[in-house]
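A structural walkthrough
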Amino acid sequence: VFLKVQAVWRRMEFSITCLIMKTLRFLPIVRFLLLFLSPICSRLRKFLPLTKTAALFMSCTKLGAVSVDANSALVEKMALLGQYLGICFQIRDDIFDYSPQMNVGKPQMHDVQEGKITLPLIIALRNASQAERDFVMKFVKRKDFSEENLAFLISFVDENQGIRGALHDINL
């Protein structure tokens, strides 16, 4: 088992190093992405904690920069870039949960069934009437995820602009 873990670690370490070396070669693109993503993510950070995904992306980009002896300013910029990319990636992943027409290999409504209230649902709840919010939250809290309730939830998020609002927030 140890040898398998060690082999996986080496492949991952090599992949991260290659990614960062390629990224450092394209610093103008990195600067552009930081400028582009910064205002979007600063809006999102007001109500989103640093997710595991953002933390993972941030760690990878920061460690990659450290591994090639980048200066501290560049290390921090790379960490910020990873954080922004991770937030955008997570929101996109959350959108897939409510998109039956997109077959991305992820089980649908998995996050909700685990009790996670993600950005598309938050936006839909914000846009809904109080009666609709109460109805949705009643079966979400009870974890009453019958096929009928899941179908209702998908249409609820769609009708109340949850997906459109999440896409707008990441400016896609």
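Right, let's walk through the structure included here. All values derive from a computational prediction rather than experimental measurement. (Residues numbered from 1 in each chain as written. Predicted model: local features only at pLDDT ≥ 70, side-chain atom pairs only at ≥ 80, totals over all residues. Heavy atoms only, no water.)

What follows is about the side chain of Asp94. Within the fold, Asp94 resides in helix α4 (residues 72-97). In this structure Asp94 comes out as buried when scored by relative accessible area, which is 7%. The residues contacting Asp94, other than those within four sequence positions of it, are Asp111, Thr118, Leu119 and Pro120. (Helix = DSSP H or I, 4+ residues; strand = E, 2+ residues; numbered from the N terminus. Buried < 20%, exposed > 50% of the residue type's maximum accessible area, 1.4 Å probe, protein only. Contact = heavy atoms within 4.5 Å.)

Attention now goes to the packing of aromatic side chains. Under the criterion given, the structure shown has five aromatic pairs. Look at Phe57 and Phe89: their rings are 5.4 Å apart centre to centre, the planes differ by 40°, and that puts the pair in the tilted class. Taken together, the positions of Phe57 in helix α3 (residues 52-67) and Phe89 in helix α4 put the pair 32 residues apart, joining distant regions of the chain. When its relative accessible area of 25% is taken as the criterion, Phe57 is described as partly exposed. Here the aromatic cluster, defined as three or more aromatic residues joined through ring pairs, consists of Phe135, Phe139, Phe152 and Phe156. (Phe/Tyr/Trp six-rings, centres within 6.5 Å; stacked < 30°, edge-to-face > 60°.)

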